[in-house]
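Overview (structure and organization)
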Amino acid sequence: TQLLEQSPQFLSIQEGENLTVYCNSSSVFSSLQWYRQEPGEGPVLLVTVVTGGEVKKLKRLTFQFGDARKDSSLHITAAQPGDTGLYLCAGRSLNDYKLSFGAGTTVTVRA
Amino acid sequence: ETGVTQTPRHLVMGMTNKKSLKCEQHLGHNAMYWYKQSAKKPLELMFVYSLEERVENNSVPSRFSPECPNSSHLFLHLHTLQPEDSALYLCASSQIKTGGGEKLFFGSGTQLSVL
């Protein structure tokens, strides 16, 4: 199992503010995924990044994969209450393609 | 119905009870998974079934017993659980392809409390 550390653990911001959450590891991944989990529901895949340095945008969400494919960030612009949830990163190992999850960042956007 | 459906949504059981969690996927996927989610801890992969064969068992105690009768259904049979087994149990499915990279589709989970 490869360890992914997510930071911060909790984040509470006002509607309209920007935020960034991080996913770091000492291991290199073949790909990395971000999921969002809302209360009472299962995680839902947001994006998969594959290439080192890759940047993907999904409306107000920007995902970046580190050049060395060991870390990733998620930036939300002008956060809305609907962005509230637990954000999980998951990295797929190079050798056996197993998926390892981080513990997540709980984001609360106050109206 | 579409997606991945789990029942029940909530379960409270005593340490001597026997219960089963059910999962059904309507996506035509060839793999199904059981994950355990505890507060402040990463999702823990418990079991993986590919084409109805168990391909992974991550040192899960024998008080958890999975069953996959066909590619659309997955069960987790529970008996003599411990309070530390209280958690959210998530089922997921995916279409496994060569080289990995598949996407997981999760159910809403069963919130289990063991008294």
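Calculation criteria
Residues numbered from 1 in each chain as written. Chains lettered and ligands numbered in written order. Predicted model: local features only at pLDDT ≥ 70, side-chain atom pairs only at ≥ 80, totals over all residues. Heavy atoms only, no water. Pairing = 2+ DSSP bridges. Helix = DSSP H or I, 4+ residues; strand = E, 2+ residues; numbered from the N terminus. Axes fitted to C-alpha atoms, helices over the stretch in contact; angles between N-to-C directions. Core = buried A, V, L, I, M, F, W, Y, C linked by side-chain atoms within 4.5 Å. Buried < 20%, exposed > 50% of the residue type's maximum accessible area, 1.4 Å probe, protein only. Contact = heavy atoms within 4.5 Å. Buried area = accessible area lost by both parts, 1.4 Å probe. Salt bridge = Lys/Arg side-chain N within 4 Å of Asp/Glu carboxyl O. Nonpolar A, V, L, I, M, F, W, Y, C, P; charged D, E, K, R; others polar.

Another aspect to go through is the sheet that holds strand β7 (residues 61–65) of chain A. Residues and elements named next belong to chain A. Taken together, five strands build an open sheet; the order of strands is β1-β3-β8-β7-β6 and the sheet is antiparallel. The open sheet terminates on both sides in strands that have one partner only, identified here as β1 (5–7) and β6 (55–58). Along the sheet, successive strands turn relative to each other by an average axial angle of 15°, direction set aside.

Our focus in this paragraph is unusual backbone geometry. Look at the link from A:S7 to A:P8: it is a cis peptide, with omega at -10°. With respect to the helices, strands and loops of the structure, A:P8 is situated in the loop between β1 and β2 (10–14). In the segment running from B:T7 into B:P8, the intervening peptide bond is cis, with an omega of -10°. Summarising the element assignment, B:P8 is placed in the loop between β1 (4–7) and β2 (10–13). The backbone of A:R69 sits at a positive phi, close to 60°, despite the residue not being glycine. Inspection of the secondary structure puts A:R69 in the loop between β7 and β8 (71–76). One non-glycine residue, A:A78, adopts positive backbone phi at about 50°. On the secondary structure map, A:A78 appears in the loop between β8 and β9 (85–93).

This paragraph deals with the nonpolar core. In this structure, B:W34, B:F64, B:L76 and B:L78 are the most contacted members of the largest nonpolar core, which totals 22 residues. When contributions to this core are tallied by element, the ones reaching two or more residues are β2, β3 (18–25), β4 (31–37), β5 (44–50), β7 (64–70), β8 (73–79), β9 (87–94) and β11 (110–114) of chain B. Discounting residues that sit within four places of it in the chain, B:L76 has contacts with B:K19, B:S20, B:L21, B:W34, B:M46, B:F47, B:F64, B:S65, B:P66 and B:Y89. Formed by 21 residues, the second largest nonpolar core is a distinct cluster that contains A:I13, A:L19, A:L61 and A:F65.

Below, the discussion takes up the interface of chain B and chain A. Counting from both sides, the interface comprises 19 residues of chain B and, opposite them, 19 residues of chain A. Of the roughly 1400 Å² buried at the junction of chain B and chain A (both faces included), carbon and sulfur atoms supply 54%. Counting the contacts that link chain B with chain A gives one salt bridge. Contributions of two or more residues to the side of chain B that touches chain A are made by β4 and β9 of chain B. Looking at side-chain class alone, the side of chain B that touches chain A contains seven nonpolar, six polar and six charged residues.

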